[in-house]
Amino acid sequence: IGRKLNASGIEFGYHNHNFEFAKAGNTTGFDILVANSDPASVSFELDVGWAAAAGQEPAALFNKYSGRFTAMHIKDIKATTVPNTALKMDPSDVGAGRLDWKTILPAAHKAGVRNFFLEQEPPFATSRLEAAENGYRYLSTLVA
């Protein structure tokens, strides 16, 4: 599919949730997707919140699959999130959760990410605009 779309000038990418990290023997669905897709035709957008909700370390994923990611969803989770692959998380405003953005963001950039999207899952503790403002306020304090 990626090759066909690329021939028409369309880039093909895949965005994860947490169920892609369910074990499939000695591997995961995410590992299978990356291993069985052509880097020239398929890129990945890592949703770090969903990856973390699955018990994955986002920076480690960026390091493991460097060059395969072009985008990421900047999303945070509370420490109360129990690792799972059943589409469950306790979302948090970015910067108020448990994710280490000072490690994740440089790893993402080094891996090739150039498109960053601030996102939050419901339920929202604040309004959507407040969540965006809080995330922006936190991220703007980080130094590259």
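Above this text you will find the structure in question.
Rules behind the numbers
Residue positions within a chain follow its written sequence, with the count starting from 1. Residue-level local features of this predicted model are given only where pLDDT is at least 70; pairs of side-chain atoms are given and counted only at 80 or more, and the full residue set underlies all totals for whole chains, interfaces and linings. Note: side-chain values were computed over all heavy atoms of the structure, leaving out hydrogens and water. Side-chain atoms within 4.5 Å are what join buried Ala, Val, Leu, Ile, Met, Phe, Trp, Tyr and Cys residues into a set we call a nonpolar core. Relative accessible area decides the class of each residue, using a 1.4 Å probe on protein chains only: under 20% of the type maximum gives buried, over 50% gives exposed, and in between gives partly exposed. Secondary structure is summarised from DSSP: a helix means a run of H or I of at least four residues, a strand means a run of E of at least two, and numbering begins at the N terminus for each. Contacts are assigned to residue pairs with any non-hydrogen atoms lying within 4.5 Å of each other. Both cavities and pockets are sets of points on a 1 Å grid over the protein atoms alone; in a cavity a 1.4 Å probe fits but cannot get out, in a pocket the set is open with protein on both sides within 12 Å along at least five of seven lines, and lining residues sit with an atom within 4 Å of a point. Grid points are joined across faces, edges and corners, and a volume is the space filled by probe spheres set on the points. Note on residue categories: nonpolar means Ala, Val, Leu, Ile, Met, Phe, Trp, Tyr, Cys or Pro, charged means Asp, Glu, Lys or Arg, and polar means any other residue, Gly included. Two strands qualify as a pair provided that DSSP identifies no fewer than 2 bridges between them. When we speak of the arc, we mean the arc of directions from the helix axis to the C-beta atoms. In summary, the pairing rule links any two rings of Phe, Tyr or Trp, Trp by its six-membered ring, whose centres are within 6.5 Å, and it sorts them by plane angle into stacked for under 30 degrees, edge-to-face for over 60 and tilted for everything else.

J.: Talk me through the nonpolar core; I want residue IDs and the actual numbers.
T.: Phe30, Leu46, Val48, Phe62, Phe69, Met72 and Trp101 are the most contacted members of the largest nonpolar core, which has 30 residues in total. The element best represented in this core is helix α5 (residues 101-111), accounting for six residues. In contact with Phe69, other than residues within four places in its own chain, are Phe30, Phe44, Leu46, Leu61, Phe62, Ala111, Gly112 and Val113.

J.: Account for the layout of surface pockets, with residues named and values stated.
T.: Approximately 180 Å³ is the volume found for the largest pocket. In this structure, the largest pocket is lined by Trp101, Lys102, Leu105, Pro106, Leu139, Leu142, Val143 and Ala144. In terms of residue count, the dominant contributor to the lining of the largest pocket is α5 (four residues). Residue composition of the lining of the largest pocket, grouped by class: seven nonpolar, no polar and one charged.

J.: Explain the pairing of strand β5 (residues 69-74) to me, and be specific about the residues and the numbers.
T.: Taking burial as the measure, the six residues of β5 include five buried ones, the bulk of the element. As judged from the four bridges shared by strand β4 (residues 42-47) and β5, these two strands associate in the parallel manner. Paired with Asp47 across the bridge in β5 is His73. Here β5 pairs with strand β8 (residues 115-118) via four bridges, running parallel.

J.: Summarise α5; cite the residues concerned and give the values.
T.: Taken together, the buried positions of α5 are occupied by Trp101, Ile104, Leu105, Ala107, Ala108 and Ala111. Taken end-on, α5 shows its buried residues confined to a sector of 165 degrees, consistent with a single buried face. Of the exposed residues in α5, those oriented more than 90 degrees away from the buried face are Lys102 and Lys110. On its buried face, α5 sits against α3 (48-53), α4 (58-64), β5, β6 (76-77), β8 and α6 (128-139). One or two steps after α5, the chain reaches Gly112, where phi turns positive at roughly 115 degrees.

J.: An account of unusual backbone geometry is requested, with residue identities and associated values reported.
T.: For the bond from Pro122 to Pro123, the omega torsion is 5 degrees, close enough to zero to count as cis. Positionally, Pro123 belongs in the loop between β8 and α6. Even without being a glycine, Leu87 presents a positive backbone phi close to 55 degrees. By the element assignment, Leu87 lies in the loop between β6 and β7 (91-92).

J.: A description of the packing of aromatic side chains should follow, citing residues and the corresponding values.
T.: A full pass over the atoms with the stated rule returns six aromatic pairs. With centroids separated by 5.0 Å and ring planes inclined at 75 degrees, the aromatic side chains of Phe62 and Phe69 adopt a geometry described as edge-to-face. For Phe62, a relative accessible area of 0% puts it in the buried group. On the accessibility criterion, Phe69 (1% relative accessible area) is buried.

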